[in-house]
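Analysis of the macromolecular model
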Amino acid sequence: MSTATRSATVHTDQAGVKTRIEPPKNWFQRNEKLWLPLAAALGIIIIWEILGAFNLWNPLFFSSPSEIWTGITELADGPLWSDLAVSGTEFVIGMAIALGIGVPAGLFLGSVRRLKTAFDPIINALYSTPILVLTPLLVIWFGLGMGSKIANVAILAVFPVLINMIEGVQTTDNNLIRAARSFGAKGLPIYRDVVFPSIIPFFITGLRLAIGKGMIAVVVGEYIAATAGIGYRIRADAEVFNTPRYLAGVVIMVIISVVIMGALKIFERRIAPWRDPSAN
Amino acid sequence: MKVIQTMKTPVAPSADTGRSPVIQIEDLSFGYGNKLVVDNVSLRIEEGEFVSLIGPSGCGKSTLLSMLDGMVSPDTGKISVNGKTPVPGDPDRAMVFQNFALMPWKTVLENVALGLRYRKSQLSARERNEIALHYLSKVGLADAKNLYPRNLSGGMQQRVGLARAFAVEPTLLLMDEPFGALDAQNAEILREELRQLVAEEKRTIVFVTHNLDEAIQLSDRVLLMSASPSVIRDDMRIELPEHGAPGYVERYDAYREQLWSHLRVEVQKVQSHEQARTVK
């Protein structure tokens with residue numbers, strides 16, 4: 001490894017204090033976590049493209065990166081933006097409902113031990129059920145449009161939020177609650193200073209799982225029965241065997257989820273600076 | 001090693017001093033489930049005394065401390081601190097915890113100011129921070145004020161714990177094995193610092209420990225509790241000359257020998273109880 005050959009020097013100042021000085025790291029050494037995954041992804045794309053150029057398989061089965069790129073530009077010139085607007089609206093409203101219910105309900109169930117005991121089995125049963133099978137029913141209730149997808153997102157995303165909030169409240173360190181009480185905290189300040197901050201990692205975990213589930217809910221909901229949206233578009237292209245455009249839709253979904261997860265990481269660092277290893 | 005601070009005028013534990021005791025416990029009993037832990041204990045602690053509570057594990061010494069802090073109520077009997085039944089958060093007390101119990105999401109300074117925030121809300125944030133910084137300097141951590149606890153060693157974290165407790169200027173300090181989670185060398189240094197602090201800021205202290213030497217070195221009085229159902233087995237006043245003065249070692253050894261001969265019996269009782277239970 002290259003780090004083994006980096007040599008440090010010892011500097012002695014006027015007072016005779018010795019300090020070890022490492023040579024500064026270059027851009028590649030400092031940003032390994034950024035460029036290594038990118039290089040890996042790029043490598044896979046290049047190999048895929050080269051293999052595709054040999055016509056080893058029928059492009060109908062598994063397109064090549066350049067054709068998918070053409071599909072992306074075609075979508076971008078066509079229905080992509082209105083589809084994304086529809087799917088995005090469904091996702092955001094559904095997530096808002098899931099958080100609006102999951103966060104307070106989780107805090108409440110987590111704080112009242114008997115309620116948690118009563119509802120825990122039901123919540124876990126529903127969480128592990130593939131609720132997507134309810135989509136046809138939701139379509140009957142809320143129609144072919146956005147309503148049924150919003151309901152889909154809300155139902156799928158609410159459980160990871162709820163379960164993690166309950167878990168978070170219950171794993172709050174009793175010693176910290178005790179210390180706060182001992183120093184005079186009562187009621188709301190205990191939540192503000194102890195319970196809420198200690199829940200943050202659980203909330204973020206719940207949110208991350210909920211975002212994943214919510215995206216599945218939107219796309220699959222649209223895939224099954226819809227008139228617009230990215231999931232609808234993917235299905236429409238798949239049905240006419242337009243594989244490059246169909247895979248282009250999939251790639252766009254991948255990019256969106258990478259962006260959202262990256263944003264979530266930044267958000268986490270913002271609201272929980274004490275967990276950031278690089279902080280002070 | 002630093003000089004041991006001996007009590008100049010140990011207050012006689014009799015009522016005729018005319019002063020009301022800081023702590024008065026009368027016929028106190030408590031237990032968990034079907035087990036009686038403390039059996040009919042009565043106890044008086046006068047102002048300015050440094051009292052160590054020592055005993056085998058499970059003898060109820062930590063629970064007794066929690067009762068003095070108002071966190072747990074006795075089954076029967078009376079407990080009063082400064083003439084009142086203690087409730088959590090009383091302004092006349094502060095606690096130092098074995099596991100430090102610092103809020104990970106608060107900086108060192110915010111942690112020290114925690115009690116001031118709850119108890120002295122009439123002070124402005126600046127005044128609270130000034131007081132907190134004063135006590136933080138006393139434990140030599142003024143420079144660390146903006147760090148988060150996880151960036152501190154155990155010894156430094158407990159210094160913050162001590163500063164937090166002294167900062168609310170309590171008349172009674174409760175310490176639950178404050179150095180039990182530290183390595184031997186750091187514990188030794190913190191003992192020295194505690195002695196220094198107590199010399200500067202006279203307080204009544206109840207100090208729970210497993211460590212006989214710690215109890216003898218720090219206290220004016222050692223209370224030895226028996227195995228449960230516990231009673232106060234020994235109530236020993238420690239009067240040591242200056243460290244290194246003639247007779248110091250002999251006195252020290254005599255205290256230690258007497259306490260250990262009794263403690264040993266109690267620890268063995270606990271062991272044979274446990275053995276009996278496992279065999280069953």
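All residue numbers refer to positions counted from 1 along the written sequence of the respective chain. As they are written, the chains are lettered A onward and the ligands numbered 1 onward, keeping that order. Residue-level local features of this predicted model are given only where pLDDT is at least 70; pairs of side-chain atoms are given and counted only at 80 or more, and the full residue set underlies all totals for whole chains, interfaces and linings.

**Quick notes on helix 10 (residues 230-239) of chain A**
The periodicity of an α-helix, 3.6 residues per turn, causes residues three or four positions apart to be oriented the same way. Here is the rule: Buried, partly exposed and exposed are defined by the number of other C-beta atoms within 10 Å of a residue's own C-beta, namely 20 or more, between the two limits, and 12 or fewer respectively, with C-beta atoms placed from the backbone. Helix and strand labels come from DSSP, where a helix needs a run of H or I of at least four residues and a strand needs a run of E of at least two; each type is numbered from the N terminus. A pair of residues counts as a contact when their C-beta atoms, built from backbone coordinates, are separated by no more than 7 Å.
When we look at burial in helix 10 of chain A, the residues that qualify are A:Ile230, A:Gly231, A:Tyr232, A:Arg233, A:Ile234 and A:Asp237. The elements touched by buried residues of helix 10 of chain A are helix 4 (80-111), helix 9 (188-224) and helix 11 (243-271) of chain A.

**Quick look at the packing of helix 4 of chain A against helix 10 of chain A**
Residues and elements named next belong to chain A. How we decide: Axes here refer to lines fitted to C-alpha atoms; in helices the fit is confined to the stretch in contact. Angles between the N-to-C directions go from 0 to 180 degrees. Any angle from 65 to 115 degrees is called roughly perpendicular, while one under 35 is roughly parallel, one over 145 is roughly antiparallel, and all others are oblique. Residue type decides the class: Asp, Glu, Lys and Arg count as charged, Ala, Val, Leu, Ile, Met, Phe, Trp, Tyr, Cys and Pro as nonpolar, and the leftover types, Gly among them, as polar.
Close contact between helix 4 and helix 10 brings their axes to 7 Å; oriented N to C, the two are set at 130°. One way to sum up the angle between helix 4 and helix 10 is to call them oblique. Side by side, helix 4 and helix 10 meet where Asp 83, Leu 84 and Ser 87 of the first sit next to Ile 230, Gly 231 and Arg 233 of the second. Residue composition of the contact of helix 4 with helix 10, grouped by class: 2 nonpolar, 2 polar and 2 charged.

**Things to note about the sheet that holds strand 2 (residues 35-45) of chain B**
All names here are of chain B. Counted only if it meets this: Criterion used throughout: strands pair if DSSP finds at least two bridges between them.
On the basis of which strands lie adjacent, the open sheet formed by 3 strands has the order 2-1-4 and antiparallel pairing. The open sheet has two free edges, formed respectively by strand 2 and strand 4 (76-81), since each of these has just one partner strand. Across the sheet, the mean angle separating the axes of adjacent strands is 25° when strand polarity is ignored. Looking at chain direction, strand 1 (residues 23-32) and strand 2 are connected through 7 bridges and run antiparallel. Paired with Ile 23 across the bridge in strand 2 is Ile 45.

**Brief notes about the environment of B:Gly58**
Residue and element names in this part refer to chain B. Considering the arrangement of structural elements, one finds Gly 58 in the loop between strand 3 (50-54) and helix 1 (61-68). Taking the C-alpha atoms as reference points, Gly 58 and Val 270, separated by 212 residues in sequence, lie 8.3 Å from one another. Those residues in contact with Gly 58 that sit more than four places away from it in its chain are Ser 228 and Val 270.

**Focus: the confidence of the model for chain B**
Heads up, the rule is: Per-residue confidence from the predictor is given as pLDDT, running between 0 and 100.
In this model, chain B carries an average pLDDT of 89, and 93% of its residues clear a pLDDT of 70 or more. Taken as a whole, residues 1-16 of chain B scores under 50 in pLDDT and shows 25 contacts with residues more than four places along the chain or in a different chain.

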